[in-house]
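# Residue-level structural notes
Read off the chains here:
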Amino acid sequence: LAKTTQPPSMEAYEGQEVNVSCSHTNIATSEYIYWYRQVPHQGPQFIIQGYKDYVVNEVASLFISADRKLSTLSLPWVSLRDAAVYYCIVTDGANTGKLTFGDGTVLTVKP
Amino acid sequence: EAAVTQSPRNKVAVTGGKVTLSCNQTNNHNNMYWYRQDTGHGLRLIHYSYGAGSTEKGDIPDGYKASRPSQENFSLILELATPSQTSVYFCASGEGTGENYAEQFFGPGTRLTVL
């Protein structure tokens, strides 16, 4: 499994766009990139997943570099409710959906 | 309505005692997972299951057993609880296949303290 590297923490003000980066320099061709977030006292929640290029859903967008070694989760117009730990996970379907969590990025949102 | 539920939500146990954590899912997912999360760290996989009757070891299975008696239920068992097993335990369910094979739905967690 590819190891991921994320900044340990970030800060933003309400209404700003936030970009959380994730480096996965050893990602294999069979691996996909998943993002989860976890607010205090709750379980993680799936945000978005992608393999290459650009993916968008109602919550966030995900940009993946051409060589797939870097991905960026973009959160538009963050609010206080977006304060959470964001996890970037690279996983292979052959592992039947198992997730390996790192320590994630702690996003603090200021009013 | 919550699709993954856990019980109990909080548990205090004594060293050497037996602890059973229960998880129920109404997603009709084949796969279920047990993780633990220590303060300030990410989740670590203990055991998982492909379906009723199956259990597989995850990354940190020592000191834990699992049981999957039905599609809906998945239990984590600590036969001889130790203080090092004090943690928050999360259960999750997921398809494990298809386009979003690693999309998992997590329960609210069980806080276990072993004294």
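Quantities reported herein were computed from a predicted structural model and do not represent experimental measurements.

Our next topic: the sheet that holds strand E3 (residues 19–25) of chain B. Residues and elements named next belong to chain B. With antiparallel pairing, four strands are arranged side by side in an open sheet as E1-E3-E8-E7. On the outer flanks of this sheet lie strand E1 (4–7) and strand E7 (65–67), each paired with one strand and no other. The mean angle between the axes of side-by-side strands here comes to 20°, regardless of whether they run parallel or antiparallel. Inspection of the sheet shows E7 paired to strand E8 (residues 73–78) by three bridges, in the antiparallel sense. Pairing of Ser67 across the sheet is with Ser75, part of E8.

With that settled, the discussion passes to the state of the cysteines. Scanning all chains against the criterion turns up two disulfides over all chains. What pairs with Cys22(A) in a disulfide is Cys88(A), and their sulfur atoms sit 2.1 Å apart. In this structure the cystine formed by Cys22(A) and Cys88(A) twists about its S-S bond by roughly -80°; its chirality is therefore left-handed. Remark: Cys88(A) occurs in strand E8 (residues 84–92) and Cys22(A) occurs in strand E2 (residues 18–23); sequence separation between them is 66 residues. Accessibility classification places Cys22(A) together with Cys88(A) in one group, the buried group. A sulfur-sulfur separation of 1.9 Å characterises the disulfide bridge that pairs Cys23(B) with Cys91(B). Residues Cys23(B) and Cys91(B) are joined through a disulfide that is left-handed, its torsion about the S-S bond being -80°. Of this pair, Cys23(B) sits in strand E3 while Cys91(B) sits in strand E9 (residues 87–94); the two residues are 68 residues apart in sequence, bridging distant segments of the chain.

All names here are of chain B. For the structure shown, the criterion picks out five salt bridges over all chains. The salt bridge partner of Arg44 is Asp38, with a shortest N-O separation of 2.7 Å. Here Glu79 and Lys65 are joined by a salt bridge, their closest N and O atoms 3.8 Å apart. Highlighted residues: Glu79 in the loop between E8 and E9 and Lys65 in strand E7, separated in sequence by 14 residues. Accessibility expressed as a relative area gives 48% for Lys65, which makes it partly exposed.

With that settled, the discussion passes to the side chain of His24(A). Positionally, His24(A) belongs in the loop between E2 and strand E3 (31–38). Of the polar contacts made by the side chain of His24(A), one reaches the side chain of Ser71(A); its length is 3.0 Å.

Attention now goes to the sheet that holds strand E6 (residues 61–64) of chain A. Residues and elements named next belong to chain A. Spatially, the four strands line up as an open sheet ordered E2-E7-E6-E5, and their pairing is antiparallel. Of all strands in the sheet, those bounded by a partner on one side alone are E2 and strand E5 (53–56). The mean angle between the axes of side-by-side strands here comes to 15°, regardless of whether they run parallel or antiparallel. In the sheet, E5 pairs with E6 via four bridges, with the strands oriented antiparallel. Opposite Tyr54, over in E6, you have Phe63 as the bridge partner.

Analysis parameters
- Residues numbered from 1 in each chain as written.
- Chains lettered and ligands numbered in written order.
- Predicted model: local features only at pLDDT ≥ 70, side-chain atom pairs only at ≥ 80, totals over all residues.
- Heavy atoms only, no water.
- Pairing = 2+ DSSP bridges.
- Helix = DSSP H or I, 4+ residues; strand = E, 2+ residues; numbered from the N terminus.
- Axes fitted to C-alpha atoms, helices over the stretch in contact; angles between N-to-C directions.
- Disulfide = S-S within 2.5 Å.
- Buried < 20%, exposed > 50% of the residue type's maximum accessible area, 1.4 Å probe, protein only.
- Salt bridge = Lys/Arg side-chain N within 4 Å of Asp/Glu carboxyl O.
- Polar contact = N/O pair within 3.5 Å; in protein donor to acceptor, adjacent residues only side chain to side chain.

Coordinates in, geometry out; function isn't part of it.
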